Each structure stands twice: as structure tokens, then as C-alpha cells.
Amino acid sequence: MPDLVLWDIDHTLMATRGLGRELWAEAFALVTGVTLREQASVTGSTERVILRETARAHDIPYSDDLFARFADALGAVHVRRAAELREQGHTLPGAAAVLAALDEREVQQSVVTGNVRGAAEVKLAVFGLDTYVRLDEGAYGEDGEGRPELLRLALKRAGVDAAHAVFLGDTPADVTGGRQAGVRVVAVATGKASPGDLRVAGAETVLPGLAETDQVLAALGV
């Protein structure tokens, strides 16, 4: 049984059905004064990288100060529009049940996500998932640029060795990040990546989703 289960958030636990991009655009306009024309690829990336590449596409100088202000704005926008997120978004089938089952078995859980912490906290809270995860032991978009870095930080914060942790994610970047960090990955084909894409990235275990609780728990080794 793993000592720690780490979760990606978007398209692994939940989907925002397009509202996420709208909130991102609002925060971008607030801190830059520029209307978003195009956003850098978000799949498997972190907010720091997304902002830097998006700023470059709009001829806006990037800096750590810009990112700090953007992170604050993005968190605030999520807080302000949490009711819309709850109405428009949804948890993916089985997500809450798996989190609850792991909690009942006293398996430590947290998140590794490209979201800034303020946004991640709102997303988890509006769907009632925050009670199952130890947010202080997670890693977020403020903490680094890539999944391996974030995973290593989460392991350090949780005080758990990589060999005793499992990471669930839906993108090839999640899979390769987990492998580079020495963490076993259970991939779920609930995002844009196909099962084949996830296997090519190196996933040994690929599930169609989280709907079958017993199947997920078995894949985790619980």
C-alpha cells in the first residue's frame, strides 16, 4: 500500500468546461491591461510557464513580479466566481468516491498541479474534495516549472520517499514527470490524451477513468 497518493487536478479529478480559460483571461487582463488574444498550451504545463509564453505572444515583458501579481489575481478571480465554477464545472465520475475510499483507509493524499494554489484550493473546495487532501503537502504552479520539480517538492513536504508514493494524472507530461521523479504513475485517460498516448509516454498502468473504485484502488495497490 502506498504511503502517499498525489493527484493532478484538471481533467483528472474535475473539469471546468471552458470556464477555466475565461477566468485565466480575466486575471491576465487585470494584471497586464491587455485582452487575451491567444493562450499558450495548458495541457500538462504550469501557470508560470503558461503565463511566460502567453506574455511573450502578446509582446509583454515577463518577470517574477508579473507572475506573482497574476497568481494573486487568478486566485482572487476563482474566489469571486466560485459559484459559477460549481454550476458550470463538475467532478469526474468516481473521483470523490476514490478520494473517500483512500481517506477511509488512512492513505495520505495531496495534489501536484500546475494551478496556482489559490485557484487549486477553490476548485477542490467547490466540489467538496478539499477535505480529503493535505493542501500544505502539495505542490503548485508557484513552486516550479515542471512536473518532476513539483513532485519532488510534494514528496519532501509530505516526508515520503518516492518509492512509497503514487501519482495520478491524465497527460503525457504527468507520466514523464512521475517517471523522472521516481514516482509510480497511474494514468487516467480522462483528458485529451488517449490511452495509447499515455502508454507511449511510459505509463505502465492506464485506466479509462475513476468510475470503478475497486479497479482504481487495485491499480494503486490499496
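Our structure is the block above this text.
Below: a short report on this structure.

**Some words on the sheet that holds strand 6 (residues 184–188)**
(1) Moving on: Strand order in the open sheet formed by 5 strands is 4-1-5-6-7, with parallel pairing between adjacent strands. The open sheet has two edge strands, strand 4 (108–111) and strand 7 (205–207), and neither has a second partner. Taken over all neighbouring pairs, the strand axes of this sheet differ in orientation by 25° on average, direction set aside.
(2) Moving on: In terms of strand pairing, strand 1 (residues 4–7) meets strand 5 (residues 165–169) through 4 bridges, oriented parallel.

**Some remarks on unusual backbone geometry**
(1) Moving on: A positive phi is found at Arg-17, a non-glycine position, where the angle reads about 55°.
(2) Moving on: Looking at the secondary structure, you find Arg-17 in the loop between strand 2 (14–15) and helix 1 (19–32).
(3) Moving on: Judged by relative accessible area, Arg-17 falls into the exposed class, the value being 59%.
(4) Moving on: Although it is not a glycine, Glu-106 sits at a positive phi angle of roughly 60°.
(5) Moving on: Along the chain, Glu-106 turns up in the loop between helix 5 (95–104) and strand 4.

**A short note on the packing of helix 2 (residues 47–57) against helix 3 (residues 64–80)**
(1) Moving on: Closest axis-to-axis distance for the helix 2/helix 3 pair is 10 Å, and the angle between their directions is 115°. Looking at the two axes, helix 2 sits roughly perpendicular to helix 3. At the point where helix 2 passes helix 3, the crossing takes the right-handed sense. Across the interface between the two elements, Glu-47, Arg-48, Leu-51 and Ala-55 from helix 2 touch Asp-64, Leu-66, Phe-67, Phe-70 and Leu-74 from helix 3.
(2) Moving on: Class assignment of the residues belonging to the contact of helix 2 with helix 3 gives a composition of 6 nonpolar, no polar and 3 charged.

**Quick word on the nonpolar core**
(1) Moving on: Counting residues in each nonpolar core, the largest one holds 55 residues, and the members touching the most others are Trp-7, Leu-124 and Leu-210.
(2) Moving on: Ignoring anything within four residues of it in the chain, the contact list for Leu-124 reads Ile-9, Leu-13, Met-14, Val-111, Leu-129, Asp-130, Val-133 and Leu-135.
(3) Moving on: If you look at the next biggest cluster of nonpolar residues, it comprises 23 residues, including Leu-150, Ala-162, Ala-187 and Ala-193.

**A closer look at the layout of surface pockets**
Where empty space is left in the structure can be found by rolling a water-sized probe over the atoms.
(1) Moving on: In this model, the largest pocket occupies a volume close to 630 Å³.
(2) Moving on: Residue lining of the largest pocket: 29 residues in total, with Asp-10, His-11, Val-42, Thr-43 and Lys-123 positioned closest to the centre.
(3) Moving on: Where the lining of the largest pocket is concerned, the elements lending two or more residues are helix 1, helix 2, helix 3 and helix 6 (117–126).
(4) Moving on: Among the elements that make up the lining of the largest pocket, the one with the highest residue count is helix 1 (3 residues).
(5) Moving on: Of the residues assigned to the lining of the largest pocket, the class counts are 5 nonpolar, 15 polar and 9 charged.

**Some details on the side chain of Arg-147**
(1) Moving on: As for its position among the elements, Arg-147 is in helix 7 (residues 147–158).
(2) Moving on: What makes Arg-147 buried here is its relative accessible area of 5%.
(3) Moving on: Not counting residues within four places of it along the chain, the set of residues in contact with Arg-147 comprises Asp-8, Gly-44, Ser-45, Thr-46, Val-112, Thr-113, Gly-114, Phe-167, Ala-173, Asp-174 and Gly-177.

**A few points about the packing of helix 1 against helix 3**
(1) Moving on: In contact at an axis separation of 8 Å, helix 1 and helix 3 are set at 135° when each is read in the N-to-C sense. Judged by the inter-axis angle, helix 1 sits oblique to helix 3. The way helix 1 lies across helix 3 gives a crossing that is right-handed. Contacts between helix 1 and helix 3 involve Leu-23, Trp-24, Glu-26, Ala-27, Phe-28, Leu-30, Val-31 and Thr-32 from the former and Leu-66, Arg-69, Phe-70, Ala-73, Leu-74, Val-77, His-78 and Arg-80 from the latter.
(2) Moving on: The residue makeup of the contact of helix 1 with helix 3, split by class, is 11 nonpolar, 2 polar and 3 charged.

What counts and how
Residues numbered from 1 in each chain as written. Predicted model: local features only at pLDDT ≥ 70, side-chain atom pairs only at ≥ 80, totals over all residues. Heavy atoms only, no water. Pairing = 2+ DSSP bridges. Helix = DSSP H or I, 4+ residues; strand = E, 2+ residues; numbered from the N terminus. Axes fitted to C-alpha atoms, helices over the stretch in contact; angles between N-to-C directions. Buried < 20%, exposed > 50% of the residue type's maximum accessible area, 1.4 Å probe, protein only. Parallel < 35°, antiparallel > 145°, perpendicular 65-115°, else oblique. Left-handed = near helix turned anticlockwise from the far one by under 90°. Contact = heavy atoms within 4.5 Å. Nonpolar A, V, L, I, M, F, W, Y, C, P; charged D, E, K, R; others polar. Core = buried A, V, L, I, M, F, W, Y, C linked by side-chain atoms within 4.5 Å. 1 Å grid on protein atoms, 1.4 Å probe; cavity = no way out; pocket = protein on both sides within 12 Å on 5 of 7 lines; lining within 4 Å. Points joined across faces, edges and corners; volume = space filled by probe spheres on them.

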